[in-house]
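Inside the fold
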Amino acid sequence: MASCQQNVSKIDEVVMKRDTLITQFSDSSYFSDIRSMYYYRDNIYLTDYQRSQIIKLNKSGEVIKCLSEKGMGPGEMQGASDLFVKEDSIFVINDFKQCLELFSNSKHLKSIMIPSQTRMATGTRFAYYNNTLYLSSASERNSIVAICQHDNTFKHLGKLIDFGSLTKSKIC
């Protein structure tokens, strides 16, 4: 444990225990490279980067469904990294294609191309408000990309302030 405060007299200790361990599919194959996890309505959604799949599990850890597979065609991915779930829409960053893939709970709906000046990196965060998807993705000048759900238009928001090092740079 670490604290920025000098006068910390006591830090509470939290004891954690393992609840559920998921290492293997029912066909005896293994997860290989989980990059993102999202819990929504008693389901767990994972992205397996190596498999290029979205894996939907129930709260007991049993596989309900796998979406996508490795490839370059519609609905296929090369590197499923971060994901966000809203209602029955599943948004996943497809690293190789540098786009967002939109799935319903059962199938691929469309690919949303990301403007070339936008950097999509592992650890991208998502928010959804008023039919707009917001991604924490930096361009040379901005820190957030807003994608309107109705017409897939993009807006770059936020201002980057460069302090000369990654540890001191600030996003406003």
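The rules behind the values
- Residues numbered from 1 in each chain as written.
- Predicted model: local features only at pLDDT ≥ 70, side-chain atom pairs only at ≥ 80, totals over all residues.
- Heavy atoms only, no water.
- Helix = DSSP H or I, 4+ residues; strand = E, 2+ residues; numbered from the N terminus.
- Buried < 20%, exposed > 50% of the residue type's maximum accessible area, 1.4 Å probe, protein only.
- Contact = heavy atoms within 4.5 Å.
- Areas by Shrake-Rupley, 256 points an atom, 1.4 Å probe, with all protein chains shown as cover.
- Pairing = 2+ DSSP bridges.
- Axes fitted to C-alpha atoms, helices over the stretch in contact; angles between N-to-C directions.
- Phe/Tyr/Trp six-rings, centres within 6.5 Å; stacked < 30°, edge-to-face > 60°.
- Core = buried A, V, L, I, M, F, W, Y, C linked by side-chain atoms within 4.5 Å.
- Salt bridge = Lys/Arg side-chain N within 4 Å of Asp/Glu carboxyl O.

Time to look at the overall build of the protein chain. Scanning the protein chain from terminus to terminus reveals zero helices and 14 strands. Counting helices and strands in the order they occur from the N terminus, the protein chain gives β-β-β-β-β-β-β-β-β-β-β-β-β-β. Here the protein chain holds 172 residues, and the buried ones make up 37% of them. The long-range share in the protein chain, meaning contacts at least 24 apart out of those at least 6 apart in sequence, stands at 30%. In the form shown here, the protein chain has an accessible surface area of approximately 11300 Å², with 50% of it arising from carbon and sulfur atoms.

Our next topic: the sheet that holds strand β9 (residues 126-129). Sheet architecture is open: four strands sit in the order β9-β10-β11-β12, paired in antiparallel fashion. What marks the edges here is a single partner per strand, and that holds for β9 and β12 (154-157). The sheet shows a mean angle of 20° between the axes of neighbouring strands, direction not considered.

Aromatic ring pairs are described here by two measures, namely the spacing of the ring centres and the angle between the planes. One pass over the structure, following the stated rule, counts four aromatic pairs. Ring centres of F84 and F91 lie 6.4 Å apart, and the angle between their planes is 40°; on these two criteria the pair is classed as tilted. When sorted by exposure, F84 lands in the same class as F91, which is buried. An angle of 20° between the planes, with centres 5.8 Å apart, marks the rings of F84 and F126 as stacked. Of this pair, F84 sits in strand β5 (residues 80-86) while F126 sits in strand β9, placing them 42 residues apart in sequence.

With 12 residues, the main nonpolar core is built from F84, F91, I93, L100, L102, I112, I114, F126, L133, L135, V145 and I147. Elements supplying a minimum of two residues to this core: β6 (89-94), β7 (99-103), β10 (132-135) and β11 (144-148). Dropping the residues within four chain positions of it, L133 is found in contact with F84, F91, L100, F126, A127, Y128, V145, A146 and I147. I54, A80, L83 and F103 belong to the second-largest nonpolar core, a separate cluster that totals 11 residues.

What follows covers the pattern of salt bridges. Taken as a whole, this structure holds five salt bridges when the rule is applied. In this structure, R41 and E87 form a salt bridge, with 3.0 Å as the shortest nitrogen-oxygen distance. Taken together, the positions of R41 in the loop between β1 (34-40) and β2 (43-48) and E87 in the loop between β5 and β6 put the pair 46 residues apart, joining distant regions of the chain. The exposure class of R41 is exposed, given its relative accessible area of 57%. For E87, the salt bridge is made with K86, and the minimal N-O distance between the two is 3.9 Å. Linked by salt bridges that have partners in common, R41, K86 and E87 make up one network.

Once that is clear, we can look at the environment of Q78. Turning to its location among the elements, Q78 is positioned in the loop between β4 (63-67) and β5. Here Q78 falls in the partly exposed class, since its relative accessible area comes to 27%. Once the C-alpha coordinates of Q78 and R51 are considered, the two residues, 27 residues apart in sequence, prove to be 8.4 Å apart. Not counting residues within four places of it along the chain, the set of residues in contact with Q78 comprises S52, K70, G71, M72, N94, D95 and F96.

That's the geometry; what it means functionally is another story.
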